[in-house]
Amino acid sequence: MSDTVERTFIAIKPDGVQRGLVAKIIAVFEQRGYKLVAIKMVCPSREHLEVHYDDLRGKPFFQGLIEFMKSGPIVAMVWEGLDVVRQGRKLLGATNPLESEPGTIRGNFAIDTGRNVCHGSDSVKSAKREIAHWFNNDELCDYNLELKKSIYE
Ligand code: ADP
């Protein structure tokens, strides 16, 4: 169970909140066996979002993406567990929902790339940066998941 401390940043975007998908998206990670270590609803500033999406500055959709992400609250979360960054991306599905497999969150609940309902860190390095960008250390809960023995060998 030594590698179970990997963490990822998952966000439910304004479209996911509006469409009532918060509980469903949380359930996907919970049911897989991942541990929720932080969660909050936020209305981030433009500056905060521009730093989050810094690597996309210059893309034609950048301003539209920031406007959309500012259009309503976001549910920001940190999930922990073995290989959670890579598995989290798989659970979300492809960036373009039309390329997402049925059974993934985007494959089940989205059609347009610009309304793909959720965000997930794309690497362990991005996850560390994003978690530090969205959460203070004292918002990350350190607790023992009692179910761990039922989830990991
Ligand atoms: P991901 O969110 O899967 O990591 P990216 O980092 O490439 O994908 O893009 C960030 C977000 O920007 C996407 O989730 C999507 O909401 C939006 N986006 C990406 N590409 C496009 C596009 N071609 N048109 C509109 N929005 C886009």
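Residues numbered from 1 in each chain as written. Predicted model: local features only at pLDDT ≥ 70, side-chain atom pairs only at ≥ 80, totals over all residues. Heavy atoms only, no water.

**Remarks on the pairing of strand β1 (residues 7-12)**
For clarity, the cut-off: Think of it in three bands: residues with accessible area under 20% of the maximum for their type are buried, residues over 50% are exposed, and the middle band is partly exposed, with areas taken using a 1.4 Å probe on protein chains only. Every helix listed is a DSSP run of H or I at least four residues long, and every strand listed is a run of E at least two residues long, numbered separately from the N terminus. If DSSP finds at least two bridges between two strands, the strands pair.
Across the 6 residues of β1, 5 count as buried, placing the element largely inside the fold. Here β1 runs beside strand β3 (residues 74-80); their pairing, made up of 6 bridges, is antiparallel. Within β3, the position partnered with Ala11 by the bridge is Ala76. When β1 meets strand β4 (residues 118-120), the two strands line up antiparallel, connected through 3 bridges. Residue Ile12 lies in a different strand from β4, and its bridge partner there is Cys118.

**What to know about the environment of Thr95**
What counts here: Only heavy atoms enter the contact rule, under which two residues are in contact if any of them lie within 4.5 Å.
The topology assignment puts Thr95 in the loop between α5 (84-92) and α6 (105-109). Thr95 sits 16 residues away from Trp79 along the chain, and the two C-alpha atoms are 20 Å apart. In contact with Thr95, other than residues within four places in its own chain, are Arg89, Arg106, Thr113 and Asn116.

**Considering α5**
Here is the rule we go by: The arc refers to the directions leading from the helix axis to the C-beta atoms.
Of the positions making up α5, those classed as buried are Val84, Val85, Gln87, Gly88, Leu91 and Leu92. Viewed end-on, α5 has its buried residues packed into an arc of 165 degrees, placing them on one side of the element. Residues of α5 that are buried in the fold lie against β1, α2 (22-32), β3, α6, β4 and α7 (124-134).

**So, the UniProt feature "active site" (unreviewed entry) in the protein chain**
The line we're drawing: UniProt positions are given in the numbering used here, feature names are shortened, and annotations may be inferred rather than shown by experiment.
In this numbering, the UniProt entry assigns the feature "active site" (unreviewed entry) to His119. Other than its neighbours up to four places away in sequence, His119 contacts Phe9, Ile10, Ala11, Lys13, His52, Tyr53, Leu92, Arg106 and Glu130.

**Quick word on the site of the ligand**
The cut-off we apply is this: Whether a residue is near a molecule or strand depends on its heavy atoms: if one lies within 4 Å, it is near. Whenever two N or O atoms come within 3.5 Å, that pair is a polar contact, provided that in protein one can donate a hydrogen and the other can accept it, and provided that, for residues adjacent in sequence, both atoms are side-chain atoms. Methods summary: accessible areas were calculated by the Shrake-Rupley approach with a probe of 1.4 Å, and residue burial reflects only the protein chains presented. Points on a 1 Å grid over protein atoms alone make up a cavity when a 1.4 Å probe fits among them but cannot get out, and a pocket when they form an open set with protein on both sides within 12 Å along at least five of seven lines; lining residues each have an atom within 4 Å of a point. Each molecule is checked against the cavity or pocket grid, and it sits inside if more than half of its atoms lie within 2 Å of the grid points. Classes in brief: Ala, Val, Leu, Ile, Met, Phe, Trp, Tyr, Cys and Pro nonpolar; Asp, Glu, Lys and Arg charged; the others, Gly included, polar.
Residues in close proximity to the ligand include Lys13, Tyr53, Leu56, Phe61, Leu65, Arg89, Thr95, Arg106, Thr113, Gly114 and Asn116, which together make up its full environment. Note that an oxygen atom of the ligand is positioned 2.9 Å from one of the side-chain N or O atoms of Lys13. Contact between the ligand and Arg89: an oxygen atom at 2.7 Å from a side-chain N or O atom of the residue. Contact with the protein chains hides 72% of the accessible area of the ligand, taken as 530 Å² for the molecule alone. Placement of the ligand is best described as lying within the largest pocket. When grouped by side-chain class, the residues that make up the shell around the ligand number 4 nonpolar, 4 polar and 3 charged.

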